[in-house]
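If you want the building blocks of each chain, they are given just below.
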Amino acid sequence: MNTMNTLLQKIENAKDLDFGDIFGKSIELFKKVWVQGLVMLLLTMVLMIPIYLITFLPMMAIGFIDPEAMQQGQEPNWALLIPFYLITIVFSFFAMIIAFGLKSAFYRICKIKDLNEAGSDDYFYFFKKPYLGKTIKLAAMTFGISLIATLLCVLPIFYVMVPIALINVIYAFNPDLTASDIVKIGFKLGNKKWLITFGLLIISSILAQLVGMIMCFIGVFVTASFAYLPAYFVYKESVGFNETSAIEEIGTTVE
């Protein structure tokens, strides 16, 4: 039985998850990986600075070229605004690639710390040659799914946020699978454990923000990664780690 079918069967036969158990385990793991989570977030921000600059420079240029185009009540100059919107979409996609790759690497680090395995904190693991193409492809697929859900208004966004969160985890531990298979497994696990995963994601996000604000503004950066940890345990408790879902070493051929 291939890896794809094995994972689908494990998800189908997955045990019921306990909200309190996963939440408690997430807190314990956070104590081990909060530094790595902070580094991941800071790296994401630093790598996105050039993207934001390139995105907003055209808007500043429009303001200089045609100041009336930025004023309310004025007829928009579409010859200037359309290129700006296109540039914004393109660079938003690049930003998503950065966030997707770093978040997947963070989950890999979480497993190392959680199971006390030997391994380095390689934040750029999924930007290296064997995986870069697949990272870009998965970022594009999740970007497209998110965009479609947004266009369909509010409810689809709440639905797809669970599978999208799990796609990162599945990719982190099964990079040998094709991008389409990873997305399929993400939706399979998301559908199977949607309610508890949604609840964990919402509660952990709110808690991370509240605790971060109590610690003043910089505290938000320290606690932000806590919101990612429940998805890790949803995968671990539903699928687990073994030889079929272990991370392949660099140099393995990726489809």
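Above this text sits the structure in question.
Q: Help me understand the packing of helix H5 (residues 154-173) against helix H6 (residues 179-192), please; the structure alone is not making it clear to me.
A: Each pair of packed helices can be summarised by the angle the axes make with each other and by the distance between the axes. As a packed pair, H5 and H6 sit with axes 8 Å apart at the nearest point and diverge in direction by 125°. One element, H5, and the other, H6, form an angle in the oblique class. Handedness of the H5/H6 crossing: right-handed. Residues Tyr159, Val162, Pro163, Leu166, Ile167, Ile170 and Tyr171 of H5 touch H6, and the partners they reach there are Ile182, Val183, Ile185, Gly186, Phe187, Leu189, Gly190 and Asn191.

Q: Looking at this structure, I do not really get the nonpolar core. What am I missing?
A: For soluble globular proteins, the rule of thumb is that nonpolar side chains tend to be buried together. The biggest cluster of nonpolar side chains holds 63 residues, and the ones touching the most others in it are Leu138, Leu229 and Tyr235. If you list the elements that add at least two residues to this core, you get helix H1 (3-12), helix H2 (19-65), helix H3 (78-114), helix H4 (129-151), H5, H6, helix H7 (194-214) and helix H9 (229-238). Excluding its chain neighbours within four sequence positions, the residues that come into contact with Leu138 are Phe100, Ile167, Tyr171, Ala179, Ile182 and Val183.

Q: What am I meant to see in the packing of H4 against H6 here?
A: Where H4 meets H6, the closest approach of the two axes is 9 Å, and the angle between their N-to-C directions is 45°. As summarised for this structure, H4 and H6 are arranged oblique, according to the angle between their axes. Viewed along their axes, H4 and H6 form a crossing whose handedness is right-handed. On H6, the residues touching Lys134, Lys137, Leu138, Met141 and Ile145 of H4 are Ala179, Ser180, Ile182, Val183 and Phe187.

Q: What's the story with the layout of surface pockets in this structure? I'm lost.
A: It is a probe the size of a water molecule, rolled over the atoms, that shows where empty space is left. Its boundaries defined by the atoms lining it, the largest pocket holds a volume of some 540 Å³. In terms of lining, the largest pocket is formed by 24 residues, of which the most central are Lys103, Ile164, Ala165, Asn168 and Tyr228. When residues of the lining of the largest pocket are traced back to their parent elements, those giving at least two are H2, H3, H5 and H7. The element best represented in the lining of the largest pocket is H3, accounting for seven residues. Here the residues of the lining of the largest pocket are counted per class, giving 18 nonpolar, five polar and one charged.

Q: I would appreciate a short explanation of the pattern of salt bridges in the present structure.
A: Any two side chains of opposite charge can pair, so long as their charged atoms come close to each other. Counted according to the given criterion, the structure contains ten salt bridges. Here Glu12 ties to Lys192 by a salt bridge, and the two come within 4.0 Å at their closest N and O atoms. Taken as a pair, Glu12 in helix H1 and Lys192 in helix H6 lie far apart in primary sequence, 180 residues in all. Here Glu12 falls in the partly exposed class, since its relative accessible area comes to 41%. A salt bridge links Lys128 to Asp122; the shortest N-O distance between them is 2.5 Å. Overall, Asp122 belongs to the buried group, its relative accessible area being 15%. Because the salt bridges share partners, they merge into one network encompassing Lys15, Asp21, Lys25 and Glu237.

Q: How should the environment of Ala139 be read in this particular structure?
A: Looking at where Ala139 falls in the secondary structure, it is placed in helix H4. Assessed through its relative accessible area of 0%, Ala139 is described here as buried. Expressed as a C-alpha distance, the spacing of Ala139 and Phe94, which sit 45 residues apart in the sequence, is 8.7 Å. Look past the residues within four positions of Ala139 in its chain and what remains in contact with it is Phe93, Met96, Ile97 and Phe100.

What counts and what doesn't
- Residues numbered from 1 in each chain as written.
- Predicted model: local features only at pLDDT ≥ 70, side-chain atom pairs only at ≥ 80, totals over all residues.
- Heavy atoms only, no water.
- Axes fitted to C-alpha atoms, helices over the stretch in contact; angles between N-to-C directions.
- Helix = DSSP H or I, 4+ residues; strand = E, 2+ residues; numbered from the N terminus.
- Parallel < 35°, antiparallel > 145°, perpendicular 65-115°, else oblique.
- Left-handed = near helix turned anticlockwise from the far one by under 90°.
- Contact = heavy atoms within 4.5 Å.
- Core = buried A, V, L, I, M, F, W, Y, C linked by side-chain atoms within 4.5 Å.
- Buried < 20%, exposed > 50% of the residue type's maximum accessible area, 1.4 Å probe, protein only.
- 1 Å grid on protein atoms, 1.4 Å probe; cavity = no way out; pocket = protein on both sides within 12 Å on 5 of 7 lines; lining within 4 Å.
- Points joined across faces, edges and corners; volume = space filled by probe spheres on them.
- Nonpolar A, V, L, I, M, F, W, Y, C, P; charged D, E, K, R; others polar.
- Salt bridge = Lys/Arg side-chain N within 4 Å of Asp/Glu carboxyl O.

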